[in-house]
Amino acid sequence: MKLLLRFFLNQNLSGYLQGLSKELDENTNSIRVELNRLEEAGLLSSELQGRRKLYHVNLTHPLTSDITSIVRKVSGIDALVERIVENLLGLKQVWVCGDLASGIESEIIDALLIGEHLDSTYIRGLCNKVEKLTGKKVNAQILEHMPNKRAEACLLVWEKVE
């Protein structure tokens, strides 16, 4: 499950066996077995870089979007987006940062809400509802614009289409 979360929460991430083993605090052999299974199933692709294999999500696999959706539900991201997006005028983007943006399971959802004239009191109430629904702590920060440096470490999970 840790590997699915790691790769499918943020599909832009890739990883090597040793790095994934350290990052997920798991035995190298167990990680290797699971990576091989996911690659054989076609969910992950790999490429050799020197003597090491770099793994990443196979975006062309027919189940990629379904697995991503399931992982986002399990992580609480979907509940956050559904509750906040449907109730906030002026909201332009929702970003998730911290461990979840890195594909690591967390009991905390760090969210950045980008928009103008957003009511922080109302947002806190919505976050409380998401916390009750997911059992996770929600830290929401409101900004008018997303700084480029922050965007590199976060995951865009919703954007208003104009």
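That block above? That's the structure.
Throughout what follows, the structure given in this document is the object of discussion.

Reading the values: the criteria
- Residues numbered from 1 in each chain as written.
- Predicted model: local features only at pLDDT ≥ 70, side-chain atom pairs only at ≥ 80, totals over all residues.
- Heavy atoms only, no water.
- Disulfide = S-S within 2.5 Å.
- Helix = DSSP H or I, 4+ residues; strand = E, 2+ residues; numbered from the N terminus.
- Phe/Tyr/Trp six-rings, centres within 6.5 Å; stacked < 30°, edge-to-face > 60°.
- Lys NZ or Arg CZ within 6 Å of the ring centre and 35° of its normal.
- Buried < 20%, exposed > 50% of the residue type's maximum accessible area, 1.4 Å probe, protein only.
- Contact = heavy atoms within 4.5 Å.
- Patch = residues over 30% accessible without salt bridge, like charges linked within 9 Å, V, L, I, M, F, W, Y side chains within 5 Å.
- Areas by Shrake-Rupley, 256 points an atom, 1.4 Å probe, with all protein chains shown as cover.
- Salt bridge = Lys/Arg side-chain N within 4 Å of Asp/Glu carboxyl O.
- Pairing = 2+ DSSP bridges.
- Axes fitted to C-alpha atoms, helices over the stretch in contact; angles between N-to-C directions.

Before going further, it helps to examine the state of the cysteines. As used in these notes, a disulfide is a covalent bond between sulfur atoms, one from each of two cysteines. Summed over the entire model, instances satisfying the criterion amount to one disulfide. Two residues, C97 and C154, share a disulfide whose sulfurs are 2.0 Å apart. Handedness of the C97-C154 disulfide follows from its S-S torsion of about 105°: it is right-handed. In this pair, C97 is assigned in strand β4 (residues 91-97) and C154 in the loop between α7 (148-151) and β7 (155-159), connecting sequence segments 57 residues apart. For C127, which is in no disulfide, the shortest distance to another cysteine sulfur is to C97 and amounts to 13 Å.

As a further point, take unusual backbone geometry. The phi dihedral of D25 falls on the positive side, at around 55°, and the residue is not glycine. Tracing the chain through its elements places D25 in the loop between α2 (17-24) and α3 (28-40). Despite not being glycine, H117 has its phi angle at roughly 55°, a positive value. Summarising the element assignment, H117 is placed in the loop between β5 (108-115) and α6 (120-134).

For the structure on display, the rule yields zero aromatic pairs. The residue whose ring lies beneath R52 is Y16, and the NZ or CZ to ring-centre distance is 3.9 Å.

Mapped onto the fold, I142 is located in strand β6 (residues 137-143). Residue I142 is classed as partly exposed on the basis of its relative accessible area of 31%. Sequence-distant contacts of I142, defined by excluding residues within four places in its chain, comprise L113, L118, S120 and I123.

On the surface, M1, I70 and V74 cluster together to form a nonpolar patch covering roughly 300 Å² of accessible area. One can find M1 in the segment before α1 (2-8).

Here we have three strands laid out as an open sheet, ordered β1-β3-β2, and antiparallel in their pairing. What marks the edges here is a single partner per strand, and that holds for β1 (14-16) and β2 (44-49). The sheet shows a mean angle of 30° between the axes of neighbouring strands, taken without regard to direction. Pairing analysis gives three bridges linking β1 to strand β3 (residues 52-57), with the strands arranged antiparallel. Residue pairing across strands places G15 opposite Y55, the latter belonging to β3. This element, α2, spans β1 and β3 of the sheet and lies at about 100° to β1.

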